[in-house]
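Close look at the chain arrangement
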Amino acid sequence: MIARLLAVLVLAFAAPAAAETLAIVDARLVTLGPAGDIAKGTIVLRDGRIAALGRDVRPPAGARIIEGAGLTVTPGLVATVTPLGLNDLIGSGWPGLTSSADRLSAGFSVAADYNPDNVQIPEARVEGVTRAVVTPNPPPASKTGGRKAFAGQAALVSLGEGRPPILDAAVAVVASGGDAGAAAAGGGRGAWRTLVSEQLALARLHARTPGAVTPDRLEALSLSQADLEALRPVVAGRAPLLVEANRAADIAMVLDLARAEKVRVILSGAADAWRLADEIAAAGIPVVLDAEENQAFTFETVNATYENAAILHAAGVKIAFKPGIARIVFLIRTPRFLAGRTVRYGLPWEAALAAITRNPAEMFGYADEAGTLEVGKAADLVVWSGDPLETRTVARHVVIGGEVQPLTSRSRLLRDRYIEDVRAAAAAR
């Protein structure tokens, strides 16, 4: 609650000045909204919002014109379930953060650790990423006997240069099932399941009667008041649990947890999800997939397949994509390449694009603000040289909050600094 209030205050008092009026004309508009796919249309952006779009729209007097002939406009991309902006030096593995304190789990937020000056941010922006759902790591196994059911809170951030970065400090509470959850809970998978239910019950009691959960009881369960406060929107149905689970049995346990506890759940990872596609669809649970997962990197992912996304979509499951734990840094900032691979393995093109734009917005509760191109929504969009899911396509313009962003990054500046020397050396050979 406090984190959300702080985010609102930051937006209220640090909002940038009104953006200029822009009009992108004669472009293909892939709105992913009610207007559909407009082959040759115009979109007008005013005061950071979409003011008009359509085939017959005319640019207003004085607007800055961006010629869009031959170009494609889409909503801004979302990097979902990512460590983007949490580590200044990113190596192999999953470079994120978590709390090692025994008495802090759901109450831990990565929002304070997000660094808008991280060198990966402009790299992602160049690739068309305008927002990100930044998440903590799974909690480590306790060395002092503490037990944890939750990793902390995920934050929604904007990648706009010079804009308040934290849009919502708590869009979900993160939990890890499977091996990681069992280890953090101090036992097997059943221990994790029991611990989650027990702590959700305490959060309900706390919500009904503040102070009813005594300090002694909190200490005995390795909980803090911050944890109970963080879980209040979860038990009230206002925020989801984002649960990492890959094995079919673990996914089934999460489905049962959602039914029994009457909480909203988003599955993350979900290597075996294709085996339970109909059950997941019937439960109305969305899934954030590792689109690169097709090998048995662990015993939990022995059934991984590139066709996971297509099978889930065909069953009616809402999907999004995340970079994998063992993947290279490049994929952390390029969700469009993750989506593009799934088209090769049966996912419809529009569904793949929706998985990195509209679907994350619906999953994490900001669809009324972004995710599609619609009048009144935030002017977060990308003007592409061609098909955004093709590797040869580049972003010509990235607009966040109605402001055209600089398409510069550390790697591009280094390239420009040394490229002539490299060419001269090659020519002299």
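1. A look at a nonpolar patch on the surface
On the surface, L414, Y418 and V422 cluster together into a nonpolar patch covering about 270 Å² of accessible area. Locating L414 in the fold gives a position in helix α13 (residues 410–428). What makes L414 partly exposed here is its relative accessible area of 38%.

2. Focus: the packing of helix α4 (residues 189–208) against helix α6 (residues 225–235)
Where α4 meets α6, the axes come as close as 8 Å, and the angle between the chain directions of the two elements is 90 degrees. Relative to α6, the element α4 lies roughly perpendicular. Judged by residue contacts, Q199, L200, L202, A203, R204, H206 and A207 of α4 engage Q225, L228, E229, L231, R232, V234 and V235 from α6. For the contact of α4 with α6, the class distribution of residues is eight nonpolar, three polar and three charged.

3. Some thoughts on the pattern of salt bridges
For the coordinates displayed, the defined rule picks out 23 salt bridges. Linking R415 and D416 is a salt bridge whose minimum nitrogen-to-oxygen distance equals 2.9 Å. Put simply, R423 and E420 hold a salt bridge, and the shortest N to O gap is 3.1 Å. One end of the pair is R423 and the other is E420, both in helix α13 and three residues apart, which spans about a single turn. Because the salt bridges share partners, they merge into one network encompassing D179, R189, R247, D250 and E300.

4. Some words on the confidence of the model for the chain
Per-residue pLDDT for the chain has a mean of 88; in total, 89% of the residues score no lower than 70. In this model residues 1–17 is a low-confidence stretch, pLDDT under 50, and it forms 22 contacts with partners more than four residues away in sequence or in other chains. Long-range and interchain partners of residues 90–95, a stretch whose pLDDT sits below 50, account for 19 contacts in this model, where long-range means more than four residues apart.

Definitions and cut-offs
- Numbers given for residues are sequential positions, taken from 1 along each chain in its written order.
- Per-residue local features of the predicted model are confined to residues with pLDDT of at least 70, and side-chain atom pairs are confined, for both listing and counting, to 80 or more; whole-chain, interface and lining totals are unaffected and use all residues.
- Excluded from the side-chain calculations are hydrogens and water; all other atoms, namely the structure's heavy atoms, are used.
- For patches, a residue must show more than 30% relative accessible area and have no salt bridge; joins then use 9 Å for like charges and 5 Å for nonpolar side chains, namely Val, Leu, Ile, Met, Phe, Trp and Tyr.
- Surface accessibility in these figures is a Shrake-Rupley result with a 1.4 Å probe; residues are shielded only by whichever protein chains are displayed.
- Think of a salt bridge as a Lys or Arg side-chain nitrogen and an Asp or Glu carboxyl oxygen that are within 4 Å of each other.
- In this text, helices come from DSSP runs of H or I with a minimum length of four residues, and strands from runs of E with a minimum of two, each type numbered from the N-terminal end.
- Here the term buried applies to any residue with accessible area under 20% of the maximum for its type, exposed to any over 50%, and partly exposed to those in between, with areas from a 1.4 Å probe on protein chains only.
- All axes here are fitted lines through C-alpha atoms, helices being fitted over the stretch that makes contact, and every angle between N-to-C directions spans 0 to 180 degrees.
- The labels follow the angle: roughly parallel below 35 degrees, roughly antiparallel above 145, roughly perpendicular from 65 to 115, and oblique for the rest.
- Pairs of residues are marked as contacts when any of their non-hydrogen atoms sit within 4.5 Å.
- As a working rule, the residues Ala, Val, Leu, Ile, Met, Phe, Trp, Tyr, Cys and Pro are called nonpolar, Asp, Glu, Lys and Arg charged, and the rest polar, with Gly in that last group.
- pLDDT is defined as a per-residue confidence score from the predictor, taking values between 0 and 100.

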